[in-house]
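Structural features, examined
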Protein chains: 2
Amino acid sequence: MTLTIDSERLQQRLAAMSRYGATAQGGVDRQALSAAELTARRQLVDWASARGFRCSHDLIGNLFIRRDGTSPDALPIALGSHLDSQPTGGNYDGVFGVIAALECLETLEDSAVPTKHPVMAVSWMNEEGCRFSPPTMGSSVYAGILSLDEAVAVRDDKGVAVESALINLFERFPDVPVLPPPAIGAYIEAHIEQGPVLEAESAVVGVVTGVQGMRQYRIDVRGESAHAGTTLRKFRKDAFVAARKIAQALDDWTAKQGDFPFTVGRFIVSPGAINTVPSDVVFTIDVRAPSREILASFDSVLAGIVNSATHPCAASYEVLYTADPIVFDPDLISKLEGLLRGQNIPWLRLLSGATHDAVRISRLCPAAMLFVPSRNGISHHEAEFTEPDHLAKGAQLLATWALHLSSMTPQTLFFERR
Amino acid sequence: MTLTIDSERLQQRLAAMSRYGATAQGGVDRQALSAAELTARRQLVDWASARGFRCSHDLIGNLFIRRDGTSPDALPIALGSHLDSQPTGGNYDGVFGVIAALECLETLEDSAVPTKHPVMAVSWMNEEGCRFSPPTMGSSVYAGILSLDEAVAVRDDKGVAVESALINLFERFPDVPVLPPPAIGAYIEAHIEQGPVLEAESAVVGVVTGVQGMRQYRIDVRGESAHAGTTLRKFRKDAFVAARKIAQALDDWTAKQGDFPFTVGRFIVSPGAINTVPSDVVFTIDVRAPSREILASFDSVLAGIVNSATHPCAASYEVLYTADPIVFDPDLISKLEGLLRGQNIPWLRLLSGATHDAVRISRLCPAAMLFVPSRNGISHHEAEFTEPDHLAKGAQLLATWALHLSSMTPQTLFFERR
């Protein structure tokens, strides 16, 4: 059987959400556990309660909205994303996945379709990590990657601790019980791509096969300042020249290896005088790749270049951040792609360059993501936009997948706790 | 005949000068027409007056110290440099040439040697151009390049005008008449190299054949910011990549053309976030070359690259400063080199990368410069240093040249007003 979502309700709900934390530039500032985020949660809980779905919080403030299933032992199929935003966030990043998830539950209810497995809509706490670090805090605690104690002790710039903000949350939601986090059997997240590929390839849906691994470095290059007019090349220790050569060598290597994203985002030249040969450069590298092996090779290549190829300057580096690549469950993806074929929706497989809650959840159970296009690839920006038709198709696919998975006989669903 | 300078007197005089405007770091802050500079002038005038040399100022504050010649119509041979310094200046830049010039006059007097032409020691006003812009102000007014009216109206950061500072100068030196600037027949300036070449080549004297021309540019590169993780290369407009490619192309071109000095001194990347593809880069170029043609070619190459080779980014440029190259009088140089050979002093020919008063004076009469080595090529820095032995050899050569030129029959000296 097929379910048809209510695309008008979807759009209305997204429009309603865009009012919570609305900024003058047309986006939202709805940071984790802020008043604006709590108001958005209240709206979500009201919509859910009106349909009889059961809401609960866990101790880190993840919000679960549950439609019961018919089979007593079946683990819930969870659908979700996050309600919190960047300080200059758009109207789609995270919130689309939460609203689409609730839309799936409501569509099941509208059609009075019973499912063996419960279906849950989830809003993970603090995915963005702006107000409180790190990002994906709620899903990380849920997945056992980050301890609750460590998370609640984190303070924002004003000194407010997560713990206080959670106490405030629970006080504002006396109607939402605080319960142990429910186990789930599978997880699907609908999200905007935040990149330009789907739009460029005229696709409407991206099936996300995994999330790239990432490494960020700081490189320090030390030369010697000198008079720009009187110093011949052979006498120079020009930190700018050395730095640009390092950047070029590594950019070329990653391009040749497989066009992996390579970015020099910060590049600071000292002393910064027009007629002085630079003595120091500090710059950053952000590199992403789908396998640990490639990232390890990059690390070796970088170390080699920094340690020996910068003569007569000297250079050193520091790893600022490392995240391993992950692959979403291939069987689950295969199953979901099977449902996608024959639907006449242009789609393609994608790797995600950005991390998501789904990455954390994939530690516990099979997880998958679907992407919808971002206009001009823009995100983390108030101009973030996705066509209503694309949003509707994405939510419809989510509902199709959710119905299928939640209808499977519990023992045949291929998940197990890792 | 030969004259022998008094190298001990030379060192003592330099040491005395290093006290005027002395800084805690062992250098001097003796900016144009400051109290410290006036005190240094007073010391110089006292030494000169004690030998009966006649001192005068011109209206822009250049100081002339004259030892008369025997031939009534002969134009003076001038030797000089400047007494003013950078805010964190060293103890040799400019002052060496002034003290060496006075040493030549004193040595002639010590040996009671008459010369056909008068010999003058000159301290040009405001060579550095830090307190009042532009640099080489005094010699520029003397040479008719800058008008007196324009120069006296210039104000420093505190609002003090050159005019006021000159009135103060003249009030402090009632014993030094203010006279029309004397015409000169030839000019030689002894100066520290401010670069690393003489030391690296184990030479003691540099005969300066000319001063390089110079151009300084600002380049603006415009791309588009994007997510470092989600944006593949083909979708990027990475301003950093475009900017480093422009810098590399121009650096390679100047290296191939003749190893001309090329410097990227300032390089500003925006927005400067580790995980954001840069949208804008602003950087500067300082390029020097010995001919207008090379600088014009560089300009064409730069325009070509900036206008067409930065796709998909866009770029534009602005010329911030242009100075034509100059060549010192080849006949004069040839004559001076003739006197140098057979003196057993390692020497070589050099182009100066930095400008000097001699460049302005060369507009009026044959001019030449001799360089002595700068340890580690350092200048505009309190660590500036030249070996006493090198200073003595440079001053000795100056005296030899001055004696020779001032002994020539006036009509045979090959100068004419240009």
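Residues numbered from 1 in each chain as written. Chains lettered and ligands numbered in written order. Predicted model: local features only at pLDDT ≥ 70, side-chain atom pairs only at ≥ 80, totals over all residues. Heavy atoms only, no water.

With that settled, the discussion passes to the relation of the copies chain A and chain B. Relative to chain B, chain A is turned by 180° and slid 0.2 Å along the rotation axis, the superposed coordinates differing by an RMSD of 0.2 Å. Such a combination of rotation and displacement between the chain copies is what one expects of a two-fold axis. In this assembly the copies share their binding face: 100% of the residues contributing to the interface of chain A also contribute to that of chain B. (Least-squares fit on C-alpha atoms with pLDDT ≥ 70 in both. Contact = heavy atoms within 4.5 Å.)

Moving on, we come to the side chain of A:Ser123. Residue position: A:Ser123 is located in strand 4 (residues 119–123). Within polar-contact distance, the side chain of A:Ser123 engages the backbone nitrogen of A:Leu83 at 3.4 Å. (Helix = DSSP H or I, 4+ residues; strand = E, 2+ residues; numbered from the N terminus. Polar contact = N/O pair within 3.5 Å; in protein donor to acceptor, adjacent residues only side chain to side chain.)

With that out of the way, let us pick up the domain arrangement of chain A. Assigned domains of chain A: these are domain 1 (7–211 + 326–413) and domain 2 (213–323). Of note, the centres of domain 1 of chain A and domain 2 of chain A, computed from C-alpha atoms alone, are 38 Å apart. (Domains from an automatic or database assignment.)

A few words now on the packing of aromatic side chains. To describe a pair of aromatic rings, you give the distance between the ring centres and the angle between the ring planes. Under the definition given, this model contains 25 aromatic pairs over all chains. For the ring pair A:Tyr217 and A:Tyr317, a centre distance of 6.0 Å and an interplane angle of 65° mean the geometry is edge-to-face. With a gap of 100 residues between them, A:Tyr217 in strand 7 (residues 213–222) and A:Tyr317 in strand 13 (residues 314–323) connect regions that are remote in the sequence. Given the relative accessible area of 0%, A:Tyr217 is considered buried. A relative accessible area of 28% places A:Tyr317 in the partly exposed class. With a centroid separation of 6.0 Å and 85° between ring planes, the pair formed by A:Phe240 and A:Phe267 is classed as edge-to-face. Placement of the pair is A:Phe240 in helix 8 (residues 239–258) and A:Phe267 in strand 10 (residues 267–270), with a sequence separation of 27 residues. For the residue pair A:Phe240 and A:Phe267, the accessibility class agrees, reading buried in each case. Taken together, the aromatic side chains of A:Phe240, A:Phe267, A:Phe283, B:Phe240, B:Phe267 and B:Phe283 make up a single cluster linked through ring pairs. (Phe/Tyr/Trp six-rings, centres within 6.5 Å; stacked < 30°, edge-to-face > 60°. Buried < 20%, exposed > 50% of the residue type's maximum accessible area, 1.4 Å probe, protein only.)

Our next topic: unusual backbone geometry. Excluding glycine, most residues fall at negative phi; most peptide bonds, likewise, are trans. Of note, the amide linkage connecting A:Ser133 to A:Pro134 takes the cis form, showing an omega dihedral of 10°. One can find A:Pro134 in the loop between strand 4 and helix 4 (137–142). Here the bond from A:His311 into A:Pro312 is cis, since omega is 5°, no more than 30 degrees from zero. You can see A:Pro312 is positioned in the loop between helix 9 (292–308) and strand 13. Although it is not a glycine, A:Asn126 sits at a positive phi angle of roughly 45°. Structurally, A:Asn126 is set in the loop between strand 4 and helix 4. Residue B:Asn344 is not a glycine yet carries a positive backbone phi of 60°. Among the secondary structure elements, B:Asn344 is positioned in the loop between helix 10 (330–340) and strand 15 (347–352). A relative accessible area of 75% means that B:Asn344 is categorised as exposed.

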